[in-house]
Amino acid sequence: MEEETVQKKSWKTYVAFVKDKNFWKVLLLGQVLSLCITGTNVVTTKLSNEYNFAAPTIQTFMVYACLAIVYNSYAIYKRGIKGWLLQFWRRGIYYFILGFIDVEGNYFVVKSYQYTSLLSAMLLDCWSTPVCMILSFIFLKARYRWVQYVGVFICLVGLGMLVGSDVITDKNYAAVDAVKGDLFCLLGATLYGFSNAGEEYMSRKHPLYEVIGMFTFFATFINLVQIFIFERSEWASFANDGVAAMVVVYTICMFVLYSLAPVMFRLGSAVLYNISILTSDFYGLIFGLGLFGYTVTVLYPFAYVVIIIGIGIYHVFPTPAPGIGNFDAEKAEQERRELYGLPQEEDVERQATNETAVSNEVIPTANDHDEKI
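Here the residue index of a chain counts from 1 through its sequence in written order. At least 70 in pLDDT is required for a residue's local features to be given in this predicted model, at least 80 for side-chain atom pairs to be given and counted, and no such filter applies to totals for whole chains, interfaces and linings, which use all residues. Hydrogens and water are ignored here; the side-chain numbers use all heavy atoms of the structure.

### Some words on the overall build of the protein
- Here a helix means four or more residues in a row that DSSP labels H or I, a strand means two or more in a row labelled E, and each is numbered from the N terminus. The helix and strand tally for the protein stands at 15 helices and 0 strands.
- Whether a residue is buried, partly exposed or exposed follows from its accessible area with a 1.4 Å probe, protein chains only, as a fraction of its type maximum: under 20%, in between, or over 50%, in that order. Per-residue burial over the protein gives 46% buried out of 373 residues.
- Pairs of residues are marked as contacts when any of their non-hydrogen atoms sit within 4.5 Å. The long-range fraction of contacts in the protein, counting pairs at least 24 apart against all pairs at least 6 apart in sequence, stands at 87%.
- A 1.4 Å probe and the Shrake-Rupley method give the accessible areas. Residues count as covered only by the protein chains that appear here. When the accessible surface of the protein is split by element, carbon and sulfur atoms take 66% of a total near 19,600 Å².

Take a look at the structure:
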């Protein structure tokens, strides 16, 4: 009888995450981000098929520029010019590296599709998930349970079912240079993993408006340099209203994605972000049925369910909180004092305690000495 009670209690513990509001927030937010990625894929496909426009660097330049303008303007409003400049002085090099990694990750993944097969690109692109787990373990001090590894594995199985369905419906295409394309995709996915883990690390230590504004500021100029090197001739395509409209839609989708991703990193993690967006291929099929004449197989809805189940299993036990903590009110105050070079509250209290102790000390006088004699 006691064993049955214990067993029932343990099962209630396993499914307790279903009642957790944070779980539903993370699940819904992950699917919103997945839909944003689907929107960018649909727009990119239409630009390529209908307008013969292939300029990923120009597309991402518009995104980075808009993000940099909006979030740096807000940072100046919150912190003033002095505080905004101090961000560059104290942490600029870290945001430059983060911006460079993000730009090159986007570039190499998109470039890989020109050389390798669709099947290889989709499979290799998920390499960013284990990269995130490794980096989170090392730098964010996240400690995973076995159930988290099982959840990630099941999500990747769901991705494999999506890829298998694409092969069945002949959506795959031959590789032009498989080795070169696969290496580009692996490099891009690795950079994605570094970018996501790095952004999560900064998001847990600094305000979101600083993180998004700073790394996109540097990414804008890095991207601009690449445009002048690789895509100078594509600027003329913006004279076409259709191309301009598609780029605007792409920019809106990516703006929402980059704005909400750091929120996802705080509520969940970069790993959870990566497994959540695996459903983007399923949403892509829904749009593709009407826009591109895609055909559906029975594997697609099952694959979607498998990925969602994998995300749920990831939450069976409490998800690991990174050892560096989260950005709360206390850390926000510490960060503000550090930025402006102000003493921390602990230092002020310690100094006040020392001054009180010194003032309470009995200092012997000449009269006291004479009395003792």
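### Describing the packing of aromatic side chains
- Between the rings of Phe, Tyr and Trp (Trp by its six-membered ring), a pair exists once the centres lie within 6.5 Å; its type follows the angle of the planes, with under 30 degrees stacked, over 60 edge-to-face, and the other angles tilted. For the structure on display, the rule yields 17 aromatic pairs.
- Considering the side-chain rings of F108 and F184, the 5.3 Å spacing of their centres and the 65° angle between planes classify their relative orientation as edge-to-face. Taken together, the residues F108 in helix α3 (residues 56–112) and F184 in helix α7 (residues 178–203) connect sequence positions 76 residues apart. The pair F108 / F184 is uniform in exposure class, with both members buried.
- A ring pair is formed by F215 and Y258, whose centres lie 6.1 Å apart and whose planes are at 40°; its orientation type is tilted. Of this pair, F215 sits in helix α8 (residues 208–230) while Y258 is found in helix α9 (residues 241–267), placing the two residues 43 residues apart along the sequence. In this structure, F215 and Y258 share a single accessibility class: buried.
- Taken together through their ring pairs, the aromatic side chains of W84, F88, F96, F217, F218 and F221 make up a single cluster.

### A few points about the environment of L267
- Relative to the assigned elements, L267 resides in helix α9.
- Considered as a pair, L267 and N326 are 59 residues apart in the sequence and their alpha carbons are 9.1 Å apart.
- In this structure L267 touches N22, V26 and L29, once residues within four positions along its chain are discounted.

### Notes on the pattern of salt bridges
- For this document, the term salt bridge refers to a Lys or Arg side-chain nitrogen within 4 Å of an Asp or Glu carboxyl oxygen. Per the counting criterion, the structure on display carries 8 salt bridges.
- K46 serves as the salt-bridge partner of E50, at 2.7 Å between the closest nitrogen and oxygen. Of this pair, E50 and K46 both sit in helix α2 (residues 21–51), separated by 4 residues, roughly a single helical turn.
- We classify E50 as partly exposed; its relative accessible area is 47%.

### Description of the layout of surface pockets
- Cavity means a closed set of points on a 1 Å grid over the protein atoms alone, one where a 1.4 Å probe fits but cannot get out, pocket means an open set with protein on both sides within 12 Å along at least 5 of 7 lines, and lining means a residue has an atom within 4 Å of a point. Grid points are joined across faces, edges and corners, and a volume is the space filled by probe spheres set on the points. As a volume, the second largest pocket reaches approximately 610 Å³.
- Taken together, 20 residues form the lining of the second largest pocket, with Y94, G198, Y201, M202 and K205 sitting closest to its centre.
- At 6 residues, the largest contribution of residues to the lining of the second largest pocket is made by α3.
- Note on residue categories: nonpolar means Ala, Val, Leu, Ile, Met, Phe, Trp, Tyr, Cys or Pro, charged means Asp, Glu, Lys or Arg, and polar means any other residue, Gly included. Class assignment of the residues belonging to the lining of the second largest pocket gives a composition of 11 nonpolar, 3 polar and 6 charged.

### Topic: the nonpolar core
- Only buried Ala, Val, Leu, Ile, Met, Phe, Trp, Tyr and Cys residues count toward a nonpolar core, and they belong to the same one when joined by side-chain atoms within 4.5 Å. Counting 67 residues, the largest nonpolar core has Y273 and I275 as the members making the most contacts within it.
- Judged by nonpolar contacts, the second largest core, of 6 residues, contains F108, Y115, F184 and L191.

### What to know about the side chain of S259
- Of note, S259 is situated in helix α9.
- In this structure, S259 is in contact with L67, Y71 and I212, ignoring residues within four places of it in sequence.

### Observations regarding helix α5 (residues 128–139)
- Here the expected length of a helix is defined as 1.5 Å per residue gap, with one fewer gap than residues. The end-to-end C-alpha distance of α5, which contains 12 residues, comes to 16 Å, matching closely the 16 Å that a straight helix rising 1.5 Å per residue would cover.
- All buried positions along α5 are accounted for by S128, T129, V131, C132, M133, L135 and S136.
- K141, located one to two residues past α5, shows a positive phi value of around 60°.

### Some details on the side chain of T251
- Of note, T251 is situated in helix α9.
- Pairs of N or O atoms within 3.5 Å make up the polar contacts considered here, provided that, within protein, one atom can donate a hydrogen while the other can accept it, and that residues adjacent in sequence are counted only when both atoms are side-chain atoms. Engagement of the side chain of T251 in a polar contact is seen with the backbone oxygen of V247, the distance being 2.8 Å.

### Side note on the environment of G284
- Mapped onto the elements, G284 comes out in helix α11 (residues 280–291).
- Residue class for G284 comes out buried when judged on its relative accessible area of 16%.
- Here the alpha-carbon distance between G284 and T38, two residues 246 residues apart in the chain, equals 5.4 Å.

### A look at unusual backbone geometry
- One non-glycine residue with positive phi stands out, namely K141, at about 60°.
- With respect to the helices and strands, K141 occurs in the loop between α5 and α6 (146–168).

### What to know about a nonpolar patch on the surface
- Nonpolar side chains (Val, Leu, Ile, Met, Phe, Trp, Tyr) are joined into patches within 5 Å and like charges within 9 Å, using only residues with over 30% relative accessible area and no salt bridge. Side chains of I93, Y94, F96, I97 and F100 sit close together on the surface and give an oily, nonpolar patch of about 510 Å² of accessible area.
- With respect to the helices and strands, F96 occurs in helix α3.
- Classification of F96 as partly exposed rests on a relative accessible area of 38%.

### Observations concerning the packing of α3 against α8
- Comment: axis = line fitted to C-alpha atoms, over the contacting stretch for helices; angle = value between 0 and 180 degrees taken between N-to-C directions. Viewed as axis vectors pointing N to C, α3 and α8 meet at an angle of 45°, and their least axial separation amounts to 10 Å. One element, α3, and the other, α8, form an angle in the oblique class.
- A class-by-class count of the residues in the contact of α3 with α8 yields 28 nonpolar, 11 polar and 6 charged. Each angle gets one of four labels, with under 35 degrees taken as roughly parallel, over 145 as roughly antiparallel, 65 to 115 as roughly perpendicular, and the rest as oblique.

### What to know about the confidence of the model for the protein
- For every residue, the predictor assigns a confidence score, pLDDT, that lies between 0 and 100. Here the protein shows a mean pLDDT of 79. Residues at 70 or above account for 76%.
- Contacts from residues 1–8, a stretch scored under 50 in pLDDT, to residues over four places away or in other chains number 0 contacts.
- Scored below 50 in pLDDT, residues 369–373 shows 0 contacts in the model against residues more than four places distant or in partner chains.

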